Each structure stands twice: as C-alpha cells, then as structure tokens.
Amino acid sequence: MDILAERISDSELEVMKLLWKAGEPVTSTVIREQLQSSMGWEATTIKTLISRLVHKEVISQEKRKVFYYRPLISEREYNAWATSRLINKLYKGSAAALVAALVDSQGLSDGDIDELRALFKVED
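None of the values given here were measured: they were computed from a predicted structure. Throughout this description, residue numbers start from 1 for each chain and increase along the sequence as written. With the structure being a predicted model, the display of local features is reserved for residues of pLDDT at least 70 and the display and counting of side-chain atom pairs for 80 or more, all residues being used for whole-chain, interface and lining totals. Excluding hydrogens and water, the side-chain figures rest on all heavy atoms present in the structure.

A. Structural context of the pattern of salt bridges. Any carboxyl oxygen of Asp or Glu within 4 Å of a side-chain nitrogen of Lys or Arg constitutes a salt bridge here. Summed over all chains, the structure comprises four salt bridges. The partner of Glu12 in a salt bridge is Lys56, with the nearest N and O atoms 2.7 Å apart. Here Lys56 lies in the loop between α4 (43–55) and β2 (59–63) and Glu12 lies in helix α2 (residues 10–22), a separation of 44 residues in the sequence. Here the two residues Glu12 and Lys56 agree in accessibility, since each one is buried. Residue Asp114 pairs with Arg117 through a salt bridge whose shortest N-O separation is 3.6 Å. Linking Asp114 with Arg117, this pair stays in helix α7 (residues 110–120), spanning three residues, or about one helical turn. Accessibility here uses a 1.4 Å probe with only protein chains present; expressed as a share of the type maximum, an area under 20% marks a residue as buried, one over 50% as exposed, and anything in between as partly exposed. Its relative accessible area of 57% is what places Arg117 among the exposed residues. Under the scheme used here, helices are H or I runs from DSSP no shorter than 4 residues and strands are E runs no shorter than 2 residues, and both carry numbers assigned from the N terminus.

B. Fine view of the nonpolar core. What we call a nonpolar core is a set of buried Ala, Val, Leu, Ile, Met, Phe, Trp, Tyr and Cys residues that are connected through their side-chain atoms within 4.5 Å. Formed by 21 residues in total, the largest nonpolar core has its most connected members in Val15, Met16 and Ile31. Of all elements in the fold, only α2, α3 (28–39), α4 and α5 (75–91) reach the threshold of two or more residues within this core. At six residues, the largest contribution of residues to this core is made by α2.

C. Molecular detail of unusual backbone geometry. Notably, Glu57 is not glycine yet its phi reads approximately 60 degrees, a positive angle. Within the chain, Lys92 stands out as a residue other than glycine whose phi angle is a positive 50 degrees. Examined against the element boundaries, Lys92 turns out to sit in the loop between α5 and α6 (95–104).

D. Up close: the packing of α2 against α4. Note on geometry: axes are lines fitted to C-alpha atoms, helical ones only across the stretch in contact, with angles between N-to-C directions running from 0 to 180 degrees. The N-to-C vectors of α2 and α4 enclose an angle of 85 degrees; their axes lie 10 Å apart at closest approach. One finds that α2 runs roughly perpendicular with respect to α4. Contacts between α2 and α4 involve Ser11, Glu12, Val15 and Met16 from the first element and Leu49, Ile50, Arg52 and Leu53 from the second. In the contact of α2 with α4, the residues fall into five nonpolar, one polar and two charged. Throughout this description, any angle smaller than 35 degrees is read as roughly parallel, any larger than 145 degrees as roughly antiparallel, any in the 65 to 115 degree range as roughly perpendicular, and the remainder as oblique. Two residues qualify as a contact provided that any one of their heavy atoms is within 4.5 Å of a heavy atom in the partner residue. Think of it as three bins: nonpolar holds Ala, Val, Leu, Ile, Met, Phe, Trp, Tyr, Cys and Pro, charged holds Asp, Glu, Lys and Arg, and polar takes everything else, Gly as well.

Structure follows, in structure tokens:
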C-alpha cells in the first residue's frame with residue numbers, strides 16, 4: 001500500500017476523491033465534466049491523470065459501451081496511509097505529538113476533544 005499511495009500525485013488524488021465519492025464505476029465523461037467544473041482542468045489533462053492512475057494500478061477500467069473507472073484502493077486505506085506518513089514525517093512516529101500540536105495550536109474544538117475522550121475511554 002505504501003508504494004501505491006506514495007505514487008499518487010495531488011492532482012491524481014482529485015480523480016480518486018471523485019471516484020470514492022461516486023461509490024460506483026463512472027465514465028471518463030463524468031470524471032471530465034466534474035473536474036472541468038470544479039478544477040478548471042482541460043480534457044487532455046484529465047485524460048492523462050486517468051491514464052496514469054490506470055497504469056499505476058490504483059484504478060481499474062472496464063470496457064462496456066464506453067470505459068468505466070473505479071478505485072482499487074479505498075479512501076479509508078489511503079487516509080490511513082496518509083495519516084501514518086504525516087505522523088512519521090512530522091512527529092517522529094508519535095501520534096500523541098500530533099494531538100499535542102493540534103491542542104497547542106487550538107486546532108481541536110471542544111467537540112473534537114470530547115470525541116477523542118470517548119474514543120479512548122476504557123470500560124472496566
């Protein structure tokens with residue numbers, strides 16, 4: 001997973017987000033229309049991004065009347081990898097240091113803190 005996720009560029013990640021959100025295989029036309037609207041990208045750029053992701057084997061293409069695309073890694077898998085990479089890169093592998101930085105920078109709301117407390121609450 002590390003190798004696959006690391007090879008996904010920020011632009012390619014926009015295609016992945018669209019596919020994850022769709023929840024079903026989508027055509028290149030749908031991908032193109034949505035990314036042209038939201039990102040302002042040219043059709044050729046979007047076609048290149050799709051081709052790269054297929055080549056990297058993180059999305060698949062299926063030929064019906066037209067090509068349909070779907071992700072081969074889940075958003076959850078990608079997010080877990082990205083979070084782990086962030087913690088390792090910036091906080092020397094310490095999730096506690098990440099949380100401390102969020103608290104220090106006031107990046108956590110009271111609701112966030114309550115949710116974290118509930119996650120870590122151990123019942124006897």
